[in-house]
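Residues per chain are reported as follows:
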Amino acid sequence: MTAPRRTVGPSTSAPFRSGDVLHLTRAASPQFARPIAIRVIRTLEWPTFDGWCWLDGYQLGPDGSAVARRELFVKLAGVRLLTAPTIPSSARRAPSRRTPAQVGA
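Keep in mind it's a predicted model, so treat the numbers as computed, not measured.

For the rest of this paragraph, the subject is the side chain of Asp 56. Its place among the elements puts Asp 56 in strand 5 (residues 52-60). When neighbours within four sequence positions are excluded, Asp 56 is seen to be in contact with Arg 39, Val 40, Ile 41, Arg 42, Leu 44, Arg 69, Arg 70 and Glu 71.

Next up, the structure:
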């Protein structure tokens, strides 16, 4: 059995963009014995093995809110892209009402 080949430069093959929501299980890395969902902030441009990448993102709770920021080393073949969860109503901002400024009061 041959060892994974190490790339010389940064990993540029990750197909993930900022805002993507990913489901990570043991297929992505042994560290995910309990599956998690993350929202990608960015793909880190760090040298890695072929077929693997580093991700910077927020781990999501059951309601879709961010619970922790994490840097993760994942196997691309084991990552599953999810649709973005809805924003919890408690996190939504109400539109601000603007009132005219008083000049020379």
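Formed by 14 residues in total, the largest nonpolar core has its most connected members in Phe 16, Leu 22, Leu 24, Ile 38 and Val 74. Of all elements in the fold, only strand 2 (21-24), strand 3 (36-44), strand 5 and strand 6 (66-75) reach the threshold of two or more residues within this core. Looking at which element gives the most residues to this core, the answer is strand 3, with three residues. Excluding anything up to four places from it in sequence, Ile 38 contacts Asp 20, Val 21, Leu 22, Leu 24, Leu 55, Tyr 58, Gln 59, Leu 60 and Leu 72.

The strand order across the open sheet formed by five strands is 6-5-3-2-7, and the pairing between neighbours is antiparallel. Each having just a single partner strand, strand 6 and strand 7 (79-82) make up the two edges of the open sheet. Strand after strand, the sheet turns through a mean of 40° between neighbouring axes, direction not considered.

This part is about the confidence of the model for the protein chain. Taken residue by residue, the protein chain gives an average pLDDT of 82. The fraction at 70 or more is 75%. Of the regions scoring below 50 in pLDDT, residues 5-12 engages in 19 contacts with residues more than four places distant in sequence or in other chains.

A word on the pairing of strand 6. Regular strands show a simple pattern: their side chains alternate between the two faces of the sheet. Two strands pair when backbone bridges link them, and strand 5 and strand 6 are joined in this way by nine bridges, in the antiparallel orientation. Directly across from Trp 54, in strand 6, lies its bridge partner Phe 73. What sits between strand 5 and strand 6 in their antiparallel hairpin is a turn of five residues, with Gly 64 showing a positive phi close to 90°.

Attention shifts here to the packing of aromatic side chains. Per the stated rule, a full pass over the model turns up three aromatic pairs. Both rings, one in Trp 52 and one in Phe 73, keep their centres 4.9 Å apart while their planes meet at 20°; by these two values the pair is stacked. With Trp 52 in strand 5 and Phe 73 in strand 6, this residue pair connects regions lying 21 residues apart in the sequence. Relative to Phe 73, the ring of Trp 54 has its centre 5.0 Å away and its plane inclined at 40°; by these criteria the two rings are tilted. Taken together, the residues Trp 54 in strand 5 and Phe 73 in strand 6 connect sequence positions 19 residues apart. Phe 73 sits in the partly exposed class, given a relative accessible area of 23%. Here the aromatic residues Trp 46, Trp 52, Trp 54 and Phe 73 are joined through ring pairs into a cluster of three or more.

We now examine the environment of Ser 65. Along the chain, Ser 65 falls in the loop between strand 5 and strand 6. For the pair Ser 65 and Arg 39, spaced 26 residues apart in sequence, the C-alpha to C-alpha distance is 9.6 Å. A polar contact is formed between the side chain of Ser 65 and the side chain of Asp 63, at a distance of 2.7 Å.

Here is what the cut-offs are and how they apply
Residues numbered from 1 in each chain as written. Predicted model: local features only at pLDDT ≥ 70, side-chain atom pairs only at ≥ 80, totals over all residues. Heavy atoms only, no water. Helix = DSSP H or I, 4+ residues; strand = E, 2+ residues; numbered from the N terminus. Contact = heavy atoms within 4.5 Å. Core = buried A, V, L, I, M, F, W, Y, C linked by side-chain atoms within 4.5 Å. Buried < 20%, exposed > 50% of the residue type's maximum accessible area, 1.4 Å probe, protein only. Pairing = 2+ DSSP bridges. Axes fitted to C-alpha atoms, helices over the stretch in contact; angles between N-to-C directions. pLDDT = per-residue confidence, 0-100. Phe/Tyr/Trp six-rings, centres within 6.5 Å; stacked < 30°, edge-to-face > 60°. Polar contact = N/O pair within 3.5 Å; in protein donor to acceptor, adjacent residues only side chain to side chain.

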